[in-house]
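Examining the three-dimensional arrangement
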Amino acid sequence: MSLYASYLEEIEARKAQGLSPKPIDDGALTAEIIEQIKDVNNAHRADSLKYFIYNTLPGTTSAAGVKAEFLKEIILGQATVAEIDTAFAFELLSHMKGGPSVKVLLDLALGDDQAIAESAAEVLKTQVFLYEADTDRLKAAHAAGNAVATDILKSYANAEFFTRLPEIEEEIEVVTFVAAEGDISTDLLSPGNQAHSRADRELHGKCMCDEAAQKHIEELKLQHPGKRVMMIAEKGTMGVGSSRMSGVNNVALWTGKQASPYVPFVNIAPVVAGTNGISPIFLTTVGVTGGIGLDLKNWVKKLDEDGKPILGNDGNPLLEQKYSVETGKVLKINTKKKKLYDENGEELVDLSSSFTPQKVEFMKAGGSYAIVFGKKLQTVAADILGVEAPVVFAPSKEISHEGQGLTAVEKIFNANAVGVTPGKVLHAGSDVRVKVNIVGSQDTTGPMTAQELEAMAATVISPNVDGAYQSGCHTASVWDKKAQDNIPRLMSFMNKFGLVTGRDPKGVYHPMTDVIHKVLNDITVDDRAIIIGGDSHTRMSKGVAFGADSGTVALALATGEASMPIPESVKVTFKGSMVEYMDFRDVVHATQQQMLKQCGDNVFQGRVIEVHIGTLLADQAFTFTDWTAEMKAKASICISDDETLIESLEIAKHRIQIMIDKGMDQESGMLANLIAIADKRIAEIRSGEKPALKPDANAKYFAEVVVDLDIIDEPMIADPDVNNADVSKRYTHDTIRPISYYGAEKKVDLGFVGSCMVHKGDIKIVAQMLRNIEEVNGKVEFKAPLVVAAPTYNIIDELKEEGDWEILQKYSGFEFNDLAPKANARTEYENILYLERPGCNLCMGNQEKAAKGDTVLATSTRLFQGRVVADSDTKKGESLLASTPVVVLSAILGRTPTLAEYKAAVKGINLTKFVPTKTPLDALSVHF
C-alpha cells in the first residue's frame, strides 16, 4: 500500500472522530503527494495540492525539507504547477519558519538570477529562525562582495523583521467566558489522562473543559463577531498546575487566532484572565503564543471600619465584588492606556503589568520566540557588518540598589547573566537573559517540545547546556499502544538532538523510568545552576529551577538561555525542634499553614521561596522544594550547609556514574562532564574558595516566614475540601488539617506512596511499618489497597541490598515486571500491596487512576479534581495528601488513624527528621 493510500485510510478514521486530516510531517509521503501534483491527470491531484499547501508542517520536519525543495524547483522554473506561481511559492516559503526553507531561500538569494535573488532576499528579511550555518553563509557572501547578502544583513542589523510588523491594536474588545470558579488547574484545559494526544493539536483540543464549554465558546464567537473570547478563572488564579503549553494551545485553538493560513491548528494570541491573575509559569507560556494575561482584581477583601479584613465562619476573609465578569460580558482592553473598561467606557482595573514593553513585543511578534531569536540575529548581523545595532527592542530593565545585599536567587542570576551592563549588580525586578545549565524534558510534554524544536529549526542541543535529560516517567505505569506509538519516537528524536534519554532508542540499556525531577536533582551538581524543566515540579534542592512549558524547554535546549525577571524572594527559616513521632512532610504542610496564618495572604505566590534548610541532604530537601509548586511559588532555593552540600554532591556523582555505567552517556560525554563539574564544586567548597550558596546578611525580602517546629504536634493532611460551600476554596492546597480533625472516621479507599515527593527513606518507612505491625499482630492485613511506586530504580536496588525489598515483596499481591510491563491500566484494586514500576503512577493520572469516587490518601502533590481520582455519579473523588506513615497506616486501617494509633505505629521508626541548626550528620536521618 502506498503512503498516500495509508494516509487516506487515516483520514477516514479521523473523520469518524470528527477530526480533520492529520498535519503531515513525513517527507516520503510529501514526495508522493508532489508526484501526484505533477501528474495533471491524477485523480488525487486536487486533494494533494490542498495537503501540500495547507497541511504540511513547517520547520525541520522531513516533510518541510521536501516541500521547500519543490518550491525551489517551481521558483527556478524546473517544475510548473499552475496553482503555485513564483510569488505564491515565495509566500509559502515565508511561512515555513526556518531550517530547510531558510536554506532554500539562501540558495536563491545568493544565486545568479538577480530578480529571483532580490525576491528571496525580501522574504529572508522577514525570517528570524536562522542559525550559525545560515549566518555564516551570509557572512561569507558579504565578504565576497555580494550586494544581496549585504542588504539582508543590513536589514537584520536594523531588525526590520520586527520594525515592519504592524503595531498591536490600541483597543481590543473581548467577551468573557468564565471557565470555572476558584483556581483553574491546567488539568481542566489539558487533562492528564489525555496527555498522549498533546502533539495532535486538533484531537487534544477536544478535551479542553468539556463539550458544553466548547459549544458555549463557539456561540459567544458567533454572537460577538470581531470580539475575542477571554477565558477567566473567577475568584481564583488561572493556570496552576502542569501541562502549560498544551493548556495554552487548547485555549488558543478555541479562542485565539490562526498563526498562519498554511499551518493547521497552530493558533496564537489567546486572552486569559483570573481574579488573582495568572500563575507565573502559565503566564510565561501565554507569552510564548503572544497572548494576553490579565489580573482582574474583580473580587477584593471586605474590610471593617478599621480597614481590617472581615472574616467568615471558616476564618477566611470575606470577598466582595468590584465588578462583574460573568460569561457574556463585553469589555474593552486599551493597550496604550493599559486599562480595562466596561462596555460603556467606565474604567475597571489597571493593566500595566500585562502590557510591559517586553510583553507588548511578544504580542507584536506573535510570540516570545521571535523576539529571542530576533535579538540574537540583530546582534550577529551587526557584528558581521561591524556596526552598532540600533536600539529597537525595549531595553532590559536593570534594577540595582546601592548598598543592598543579594538574596540567593539574585546571586544565581547575577552569576549566570548574559548581556548585562558590565559590573552592574542586579536586584529583583531586573529583566535578565541567563545561561541555563540543566534542562529536562518529560515524556507527556516531550512530543510538543520536539515539535517546538522542529518549528524553530533547531537540530542540535546548545553547547552552553551542561546537562539535559528526557524522561520516561509519566508513561511508566502502562506500556500501552499509545505509549508504544509515542515514546520510542520521542526518545529517538531527543537522543539524536543531544539529550540523555531514559529509554535507549537502540535498546542497549535498560529502560529507566525514573521520575524526571529526581534525575534532574541528581544531575544538578552546582548550587548556582539554573535549571529549566518541562514540568511544574522542576524545583531542585540545588541551584534554582523553574518549571516551564514545552516551548520554553525547547528554547533552552536550542539556545542554552532563558529570559525572565529576577523574582522577589520570601525567606523561610525554622525554630524549635521536631517532635520525635513527626515526619518532615508534616513540616512542609505546616510551612504552608503557618505562612498563611502569619501573612494573611499567600506571599509565596509568584516568588522564590528561599528555604534555610541546611542540614537536609538533597533528596530529603527536595520534599520541600517539590511542594513549593503547590504553594504557587515561582521557584525555591535551598540554603545548605557546606558539608551537607558536599555529601549531596557525592551522592549525585554516584548516581550519575550509574547512568554512565548503564551506557546512557552521550558521545559528547555530557554525564562525565557533570561529574567533573561536581568535583570542581566540591573542591571549591572544601578549600573555602566558594562556600555553599548563602544570601547576604543585608539582602531584602518581600516577606520573612519563621516556621515554629515546636507547635507541629500532629500529622497534617492537605485536604481538597471538595464539599466547601465556597467553590473557589475547593481543590486548593491551602486547607491543611491535623489528623484529629477527622476523628478516625474518614474512610480511605486507597493509599498511594510514590511520586516525586518521596525518597528512599519513605520506602524504608513502609518496610519498617510492615515489620512492626507483623511483629505485633503476626501478619499485616490491608483494609484498603496500598500502591507503592519508588521514584527511581536506584532506590529499589539499594532496598534490595539492604533487605527492605523482601518484606515489601512478602505482602505484595502485585510486583512490576519490566520483562512483561502492563499493557492496560488498572481499573479495580484489591486490598493488597501493589509494588509498581518506578515513575509517576497515580500522581500523573494519565494512565493509572483510582476508582471513580474514591477517597485516596497519597504522598503525591496533586489534589486537583479528576487528577488522581475522578468523580463518580454519586460521590466526589478526593485526593488527600499526607506523609508516608499516615498513608500506610490509613490503608491498613481503611480510615484515617487516631493520633494514638499513629504514634504506636511509628514508634522506633526512622522517620525523615530535620534539625534547623547545624548538628553532626550522623545524628540525623539521612536516607538517600
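A short tour of the structure in this document, coming up. (Residues numbered from 1 in each chain as written. Predicted model: local features only at pLDDT ≥ 70, side-chain atom pairs only at ≥ 80, totals over all residues. Heavy atoms only, no water.)

With that settled, consider the overall build of the protein. Within the protein one finds 31 helices and 33 strands. Here the C-alpha radius of gyration of the protein, 28 Å, is about what a compact globule of 928 residues would show, namely 30 Å. Projected onto its principal axes, the C-alpha positions of the protein cover 90 × 70 × 65 Å. The 928 residues of the protein split such that 60% are buried. Counting only contacts in the protein whose residues sit at least 6 apart along the sequence, the fraction spanning at least 24 positions is 72%. Carbon and sulfur atoms make up 50% of the accessible area of the protein, which amounts to about 35,000 Å² in all. (Helix = DSSP H or I, 4+ residues; strand = E, 2+ residues; numbered from the N terminus. Rg over C-alpha atoms; globule rule 2.2 N^0.38 Å. Buried < 20%, exposed > 50% of the residue type's maximum accessible area, 1.4 Å probe, protein only. Contact = heavy atoms within 4.5 Å. Areas by Shrake-Rupley, 256 points an atom, 1.4 Å probe, with all protein chains shown as cover.)

Okay, the side chain of Asn 602 next. Positionally, Asn 602 belongs in the loop between helix H23 (584-599) and strand S23 (608-612). On the basis of relative accessibility, which here comes to 15%, the residue Asn 602 falls in the buried class. A polar contact of 3.0 Å, which involves the side chain of Asn 602, links it to the backbone nitrogen of Phe 604. Contacts of Asn 602, omitting those with residues within four sequence positions, involve Met 595, Leu 596, Met 631 and Lys 632. (Polar contact = N/O pair within 3.5 Å; in protein donor to acceptor, adjacent residues only side chain to side chain.)

Our focus in this paragraph is the pattern of salt bridges. The full count for this structure, using the stated rule, is 58 salt bridges. A salt bridge links Asp 679 to Lys 653; the nearest nitrogen and oxygen atoms lie 2.5 Å apart. Of this pair, Asp 679 sits in helix H26 (residues 670-687) while Lys 653 is found in helix H25 (residues 642-662), placing the two residues 26 residues apart along the sequence. According to the relative accessible area criterion, Lys 653 is buried, its value standing at 17%. Salt bridges sharing common partners tie together Asp 526, Asp 527, Arg 528, Lys 680, Arg 681 and Glu 684. (Salt bridge = Lys/Arg side-chain N within 4 Å of Asp/Glu carboxyl O.)

At a minimum axis separation of 11 Å, helix H8 (residues 132-143) and helix H17 (residues 368-385) run at an interaxial angle of 25 degrees. Compared by their axis directions, H8 and H17 come out roughly parallel. Relative to H17, the crossing made by H8 is right-handed. Contacts between H8 and H17 involve Thr 135, Lys 139 and His 142 on the former and, on the latter, Leu 377, Val 380, Ile 384 and Leu 385. The residue inventory of the contact of H8 with H17, partitioned by class, reads 4 nonpolar, 2 polar and 1 charged. (Axes fitted to C-alpha atoms, helices over the stretch in contact; angles between N-to-C directions. Parallel < 35°, antiparallel > 145°, perpendicular 65-115°, else oblique. Left-handed = near helix turned anticlockwise from the far one by under 90°. Nonpolar A, V, L, I, M, F, W, Y, C, P; charged D, E, K, R; others polar.)

Once that is clear, we can look at the side chain of Arg 198. Counting through the fold element by element, Arg 198 comes out in the loop between helix H11 (186-189) and helix H12 (201-205). Among buried charged residues, Arg 198 stands out as having no salt bridge; its nearest opposite-charge side chain is Asp 187, 5.6 Å away. A distance of 3.4 Å separates polar atoms of two side chains, one belonging to Arg 198 and the other to Ser 246. (Lys, Arg positive; Asp, Glu negative; His and termini not counted.)

This brings us to the sheet that holds strand S22 (residues 569-575). In a beta sheet, neighbouring strands pair by backbone hydrogen bonds and run either parallel or antiparallel. Across the sheet, which stays open at both edges, the 4 strands sit in the order S24-S23-S22-S25 with parallel pairing between neighbours. Two strands close off the open sheet at either side, each with one partner strand: strand S24 (635-639) and strand S25 (703-708). For this sheet, the mean inter-axis angle between neighbouring strands, taken without regard to orientation, is 20 degrees. As judged from the 6 bridges shared by S22 and S25, these two strands associate in the parallel manner. Across the sheet, residue Lys 571 finds its bridge partner in S25, namely Glu 704. (Pairing = 2+ DSSP bridges.)

Turning to helix H30 (residues 884-893), a few remarks are in order. Where burial is concerned, most of H30 is hidden: 9 out of the 10 residues are buried. Of the positions making up H30, those classed as buried are Thr 884, Pro 885, Val 886, Val 887, Val 888, Leu 889, Ser 890, Ala 891 and Ile 892. Looking at the buried residues of H30, the elements they touch are strand S28 (750-753), helix H27 (760-777), strand S29 (786-789), strand S32 (855-858) and helix H31 (899-906).

In helix packing, the relevant descriptors are the interaxial angle and the interaxial distance, both defined with respect to the helix axes. Running from N to C, helix H1 (residues 3-16) and helix H3 (residues 45-54) point in directions that differ by 80 degrees, and their axes come no closer than 13 Å. Our classification of the angle between H1 and H3 gives roughly perpendicular. In this structure, H1 uses Tyr 4, Tyr 7 and Ile 11 to contact H3, whose residues at the interface are Asp 47, Ser 48 and Tyr 51.

With 235 residues, the main nonpolar core has Ile 84, Tyr 469, Phe 604, Phe 624, Leu 786 and Leu 808 as its most contacted residues. Among the elements that take part in this core, H17 stands out by supplying 8 residues, more than any other. Residue contacts for Leu 808: discarding those within four places in its chain leaves Ile 763, Val 766, Ala 767, Leu 770, Leu 833 and Leu 835. Core analysis: the next-biggest nonpolar cluster, separate from the first, contains 21 residues, Ile 184, Leu 220, Met 238 and Trp 254 among them. (Core = buried A, V, L, I, M, F, W, Y, C linked by side-chain atoms within 4.5 Å.)

The final tally for this structure, using the stated rule, is 0 disulfides. Considering cysteine sulfurs only, Cys 209 is the nearest to Cys 207, which forms no disulfide, with 9.3 Å between them. With relative accessibility at 14%, the residue Cys 207 sits in the buried group. Assessed through its relative accessible area of 17%, Cys 209 is described here as buried. (Disulfide = S-S within 2.5 Å.)

Counting buried residues in helix H9 (residues 147-157) gives 8 out of 11 residues, a clear majority hidden from the surface. For H9, every residue scored as buried is listed here: Val 148, Ala 149, Thr 150, Ile 152, Leu 153, Ser 155, Tyr 156 and Ala 157. On its buried side, H9 packs onto helix H6 (100-109), helix H7 (114-124), H8, helix H10 (160-163) and H17. Within two residues after H9, Ala 159 carries a phi angle of roughly 55 degrees, on the positive side.

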